[in-house]
Amino acid sequence: MKTYRQPLAGDVTTIHALETADDAKTAREWLTTLQPRSLALDTETTGLNTFSPDHRLRTLQYGDRDTAFVVPFERGGPFVDLARTVVTRCPELVIHNAAYDLLVLDRHGVAPLEAVAPRVRDTKILAHLCDSRQDYEGGVGISLKPLSAWYVDPAAPDTQAGLTAVFRSLGLTKATGWAGIPYQDETYQRYAGLDVLLAARLRPHLEHELKRHGIPDTLVEFEHRLMAICAGLERRGMLLDVPYTEGLVERLQEQAAAHSARAARYGVENVNSDRQVVAALQGMGESWEETTDSGAPSVAKDVLLPMADMNDKWERLEARKPNPLADAVLRAKRASKWRTSYAVAMLENRDAHDRIHPKINTLGAKTGRASVSDPPLQQLPSQGWEIRRAIVAEQGRAYFSVDQSSVELVVLAALSQEPRMCKAIRDGRNLHDFTATLMFGGQFTKHQRGLAKIAGLGTSYQGGAATLAKQTGLAVSVMRDTLARYARAYPGIRRWARGLQRHALSNGCEIRTPSGRRLVLDRDKLYKGVAYLCQSTARDTMGQALLNLHDKDLTQYLNLWVHDEVLGTASIAEVADIAREVAETVRMNLYGVPIGTDAEVYGKTWAGGYGLPPEWAPTA
């Protein structure tokens, strides 16, 4: 057994790295003597892709605030037995970013997710509930190292940097180092043990902060249950149509090359060169005010889309003559991004059974809004079938989708209690039609209805006239008039928003959601309180829906959660009934305002709900 002494917050802690069967016996004796009610736990693996065929669990480490044991799980025998004893018998486990470790333990046969999750306290969840801001946003952060530097010991060693140096000395990279570094390496063993010590010491500080801020226990439990449910969705994953996806890689490469060739005709040899794009557009007579942080002209997507006469959904605006270079640059970049971030990523990250396992971060934003990564499926456009077509159902099954109807606007109505808006929703009125009538009269046009919809979403997410003009390609003056009409149609929203800002200003720039979530605003951006509160509340309604679905054993049919939608599969014979049952369970009321749901059966592929052409439908 190798033993290291580690100074930490004025104490001398101990890290034991086990090497022999006798060491495992000694570690068991420590457990028997101490009989801990709570242990911090962590794992080291060969990489973050838990479900790849070559993924391995290398070490499992556990301990308390003073002592850590590093167990070489990869050596098998008594070390595997010891790991299983710790995970299955300890009454409580403290883990930072528990979703990952829970799936690792499940994947490698240590203990099932369902058996361990109810006994876990995740310090990442606790930190997010204390203050959801990152360290660069004025908060403490939610990663273990900045949290430990703030609450435990600012002088705690950065063993991550030391590991990078070791990787380099061994001829390894960050990608290969975790699998290739020898277990006996001291930096590696110290790194593993230190994370356990830090997590054990961090937990009481965070619990003190939760009490100080009055965060309800119900919200803490809510987030832990939601994390475990979404870990289950990640484990289930989705089936990939490999031949289609391989073809998609080639087609996207061809598209990127074709659009890049178009750009080259205007002097842009590299569409990723901002300097070349700016010079060529200026040479074509384009001018704009948007700049990068360094002061250079910006060629971000929201700048180029209006030049190409497109809105943020890539639909023609008919507002100007499209600039062909802006169009070519946008399409070349999109094809390249889709190829790398989606098609190639799905092929490379699939498991041995051709399934992908997107990661669901249930606390992906400051507001608590969830995010999806590997691949980032929540970033897919609201229209478009090409990427979604790669996801198919198992033999004899079909995809279905259930989403909340206009949840952002329903939440806005419920929180503000704007009387006309609430009544329209309760009466089952089409809210966009009703709003357009208030704004433009009963003979409103299709274009005016679209403006009413934009104004509602813009108000709920506090997109000002300039921001909405960028997104839609319409003039700032048009959007300013649209927002003013919306405010006159629903005066209760403006009164509520002003009251919310006054409350935040008098309460240390802090607001609370109906669930008790603490949201901290920048003092010069209190207007964002409406957006934060609406987004966070909408997220919590869907989170509660997932808990309700789990209680009814309906999450067994689900594969993915994206914003206000859940995606699932069921047998062809019962998919319509399952979709209706899921929709009924997701439906709920918020302060007396009903949140409706829409259910749709997509068929053999996720793309079935997104305009999939018949010639691209799966044949099997």
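Residues numbered from 1 in each chain as written. Predicted model: local features only at pLDDT ≥ 70, side-chain atom pairs only at ≥ 80, totals over all residues. Heavy atoms only, no water.

Things to note about the pattern of salt bridges
Then, number 1: In the structure shown here, the tally under the stated rule is 37 salt bridges.
Then, number 2: In this structure, Arg65 and Asp11 form a salt bridge, with 3.9 Å as the shortest nitrogen-oxygen distance. Taken as a pair, Arg65 in the loop between β4 (57-63) and β5 (67-71) and Asp11 in strand β2 (residues 11-17) lie far apart in primary sequence, 54 residues in all.
Then, number 3: The partner of Asp427 in a salt bridge is Lys423, with the nearest N and O atoms 2.6 Å apart.
Then, number 4: One network of salt bridges, in which partners are shared, links Asp11, Arg65, Asp66 and Arg201. (Salt bridge = Lys/Arg side-chain N within 4 Å of Asp/Glu carboxyl O. Helix = DSSP H or I, 4+ residues; strand = E, 2+ residues; numbered from the N terminus.)

A word on the packing of helix α16 (residues 419-426) against helix α17 (residues 431-440)
When two helices pack together, their arrangement is given by the angle between the helix axes and by the axis-to-axis distance.
Then, number 1: Contact pair α16 / α17: the axes reach a minimum separation of 10 Å and the direction vectors enclose 145°. The two elements α16 and α17 cross, and the hand of that crossing is right-handed. Listed contacts from α17 to Arg420, Met421, Ala424 and Ile425 of α16 are Leu431, Phe434 and Leu438. (Axes fitted to C-alpha atoms, helices over the stretch in contact; angles between N-to-C directions. Left-handed = near helix turned anticlockwise from the far one by under 90°. Contact = heavy atoms within 4.5 Å.)

A word on the packing of aromatic side chains
Then, number 1: Going through the model one piece at a time under the given rule, you end up with nine aromatic pairs.
Then, number 2: Centroid distance Trp30 to Phe69: 5.0 Å. Interplanar angle 55°. Geometry classified as tilted. Of this pair, Trp30 sits in helix α1 (residues 21-34) while Phe69 sits in strand β5; the two residues are 39 residues apart in sequence, bridging distant segments of the chain. Exposure class is identical for Trp30 and Phe69. Each is buried.
Then, number 3: With 5.3 Å between their ring centres and 75° between their planes, Phe167 and Trp178 make a pair best called edge-to-face. Of this pair, Phe167 sits in helix α7 (residues 159-169) while Trp178 sits in helix α8 (residues 174-180); the two residues are eleven residues apart in sequence, bridging distant segments of the chain. Grouping residues by exposure puts Phe167 and Trp178 together as buried.
Then, number 4: A connected cluster of aromatic rings, assembled from ring pairs, spans Trp30, Tyr62 and Phe69.
Then, number 5: Its guanidinium or amino end placed over the ring of Trp338, Arg334 lies 4.7 Å from that ring's centre, counting from NZ or CZ. (Phe/Tyr/Trp six-rings, centres within 6.5 Å; stacked < 30°, edge-to-face > 60°. Buried < 20%, exposed > 50% of the residue type's maximum accessible area, 1.4 Å probe, protein only. Lys NZ or Arg CZ within 6 Å of the ring centre and 35° of its normal.)

Topic: the sheet that holds strand β9 (residues 355-356)
Then, number 1: Spatially, three strands are ordered β9-β8-β12 in an open sheet, and the strand pairing comes out antiparallel. Every interior strand has two partners, whereas the edge strands, β9 and β12 (391-392), have only one.
Then, number 2: Bridge count between strand β8 (residues 238-240) and β12: two bridges; the pairing is antiparallel. Within β12, the residue paired with Leu239 across the bridge is Val392. (Pairing = 2+ DSSP bridges.)

These values are about where atoms sit, not about what they do.
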